Amino acid sequence: MSTGKLSVTSIEQLKYDQDFPSIDNISRQTVTSLLACEPSVVQSPQEAAETLFSKPLHHLRPRVNYEILQHEITQEELDAAAEYGRFIERPSDLFLKLFHNVLCTLRRDPLAGRVSPSLIGTTGVIPLTIISTIPDIMRHYYHCIIHAQKEVLLATNYWEKGESVNIIGKALKDLSKRAGCENRYVIVKLMIDHPTKENLKHFHYILPPNKWSDYDIPLPEEIPNISLEINNYHQMIMGTFHAKFMIIDRRIALLNSNNIQDRPNLEMMSHFEGNIVNSLYDTFLISWWLPFTPNLVCLKDETCSDSHFKFGIHNSKISSIKEPLQQAIARARLRLKSHLERQESDIYLDESLPSEEDENSILSSGDRKTKNNGFSTAALQALVNHRRSHSPVVLVKATNDLTGAVIGYNMSPRSDVPLTHHFNKSATSANSTQPDKNLSDNQLEKLAFDFSPFIFHQEHKPFPIALVNRSPYGKPIHIDRANPQDAAWMGAFRYAKKSIFIQTPTLNASSAIDGIISACRRGIIVTLWLGLGFNDSVEGFGTFQGGTNEHVVKKLYKKLKRGNDGAEKYLQVYWYTGKDQTRPLHFSEKRRNCHIKFMSIDDQVAIMGNGNMDSQSWFHSQEINAMIDSPVIVKEWMDALYKNQSTYQYGRIQSD
């Protein structure tokens, strides 16, 4: 990796620099725990953070870069990293090497990761992932919000008027009604990034209720049983608040790639439980920075690591979507029955879901009809076989409306192919998009059958997770990479032994380019799934961001070929291609785009969340990402990424 290597003299000075503090000297207390003290010791997250942690030591950036890019990690340092994290079991060596890099950044700035240091390494489980359009993710947000008991913390970059905002608004109104019926009150805190003149004076600005209607946010009188407070946060000039996550009752956390806006994008959201929720909770507090008015009510409700987690559709914390999923299956059965028997049929939303015993009965009953449902054996057998063939990872194929038909069983004419309809509903700009003319009706049915937006992960124990975030940096210079996010990414390029897979809408950060070249020259297979033309007007020449995706890909191959060692064969680049297409569609068409931010290393460790591989995310924006150590989840994520798009089949770029 090109690092601007230091001289031998400089390296020796850095090695023995006594000003580089030990990680053990950093307080193990957290911002959350200090805020929870009674009587109150501090009044705001800012006061708590400044009480517990020292200010950043900016002159130590070169030392951190040396540790990450050149220092050879010792076994003792790996052991120390394993001890520092709140891990139940020792993580893999690959994870620990990346985690060691992350910890080095905290020695320069304890809050470089926007979380109290003792919470940066933790554990958790992921019962559910959604890889689909924004409406699917927003409807999961809706169901989580309306089932909140005490507290909702929601953070997003863009908050743009449209259907996504309407879904959140309706969720808040419905939550208020539920709370009123149950004689309780819910605290809701919302963070957005919508720079105004107030942000010139104060990075954090509490949006007054008389401004809420400008954003289509429900007014106080529309949500009488909710106390809503909104923090508009932007660090001028380039310190964007790019975070996208939500926490419910300090029991579940959702981390996703999408903003609260309508876009024709494929996106990714994962649902976390366990100790990781405490870490994300602390991150929200530090991001908020100001006093809470009124105060939070879950400050003392720490999530336990020894909880008995449930998986699949029976997970109590995602049971709110069980009924809509059952309804979707019921509607699919009725539509399939109508198709097979050529009968008109009303769509009932209360049809029961057969048990395993019912399924066995269906498969052995010949032409008999199952009790209490009246469906033909042929229809039920097709659905039972389908569900079994995909269980337990994928239990259902769902459209953007969870109460709609299951993808693949709506026998519509080609003009309204279910899969295409699903994608077209994500944004107005995509409404008229047609499936690729080269795909037959039979092929489209198979693609729809294969599309799996909801991934219910198989049962697993809590595994190691690290929050690899970065704080915002507003100055318009690309130097700030001494942070957990960048340290983890640079470690991935350095320590991968077999393969690196990256899906990102944009790629132009100099450190990412250097890392890719270095990995390929070591014989590591680097696979890049990028967006054709994604944000070219923002990323291109004259913007000081590093260039468009097409420009960067040409640069990568040119530099690799210059070595005359065949390293270019290890780089595999693809343009994102929608599931119902056979060619990439340019971003400017606004019909089929991908906004997922994901990295997998050696099929063992993966990083997902908010950060792109562009200069803005590497050097400026506040980003929230989870780094996990679980080959089981990584495989299920990778399988779903390959299934829910046609990038691998049709998007390959030739190196020449």
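Use the structure listed above.
Procedures and definitions
Residues numbered from 1 in each chain as written. Predicted model: local features only at pLDDT ≥ 70, side-chain atom pairs only at ≥ 80, totals over all residues. Heavy atoms only, no water. Helix = DSSP H or I, 4+ residues; strand = E, 2+ residues; numbered from the N terminus. Contact = heavy atoms within 4.5 Å. Areas by Shrake-Rupley, 256 points an atom, 1.4 Å probe, with all protein chains shown as cover. Phe/Tyr/Trp six-rings, centres within 6.5 Å; stacked < 30°, edge-to-face > 60°. Buried < 20%, exposed > 50% of the residue type's maximum accessible area, 1.4 Å probe, protein only. Core = buried A, V, L, I, M, F, W, Y, C linked by side-chain atoms within 4.5 Å. Domains from an automatic or database assignment.

Student: How should the overall build of the protein chain be read in this particular structure?
Tutor: Each helix and strand counted, the protein chain has 22 helices and 17 strands in total. Here the analysis covers contacts within the protein chain between residues at least 6 apart in sequence; of these, 78% occur between residues at least 24 apart. Accessible surface for the protein chain amounts to roughly 25,800 Å². Of this, 49% is attributable to carbon and sulfur atoms.

Student: Help me understand the packing of aromatic side chains, please; the structure alone is not making it clear to me.
Tutor: How two aromatic rings sit relative to each other is set out by the distance from centre to centre and by the angle between their planes. For the coordinates displayed, the defined rule picks out 19 aromatic pairs. Ring geometry for Phe-423 and Phe-451: centres 5.4 Å apart, planes at 65°, overall edge-to-face. With Phe-423 in helix α14 (residues 418-424) and Phe-451 in the loop between α15 (441-450) and β9 (454-456), this pair connects stretches of sequence that are 28 residues apart. The burial state of Phe-423 is the same as that of Phe-451; both residues are buried. Where Trp-489 meets Trp-618, the ring centres are 5.0 Å apart and the plane angle is 45°; that geometry is what we call tilted. Pair noted here: Trp-489 is in helix α16 (residues 484-495) and Trp-618 is in helix α20 (residues 615-619), with a separation of 129 residues, a long-range link. For the residue pair Trp-489 and Trp-618, the accessibility class agrees, reading buried in each case. Connected via pairs of aromatic rings, a cluster forms that spans Phe-501, Trp-529, Tyr-574, Phe-598, Trp-637, Tyr-642 and Tyr-648.

Student: How do you make sense of the nonpolar core when you look at a structure like this?
Tutor: Ranked by internal contacts, the top residues of the largest apolar core, which has 137 residues, are Leu-528, Leu-571, Phe-598 and Met-599. Viewed by domain, this core spans two of them, domain 1 (24-120 + 470-651) and domain 2 (123-306), each represented by three or more residues. Once residues within four sequence positions are removed from consideration, Met-599 is found in contact with Trp-489, Ala-492, Phe-493, Ile-500, Phe-501, Ile-502, Val-605, Ala-606, Ile-607 and Met-613. Formed by 42 residues, the second largest nonpolar core is a distinct cluster that contains Ile-137, Ile-146, Val-152 and Val-188.

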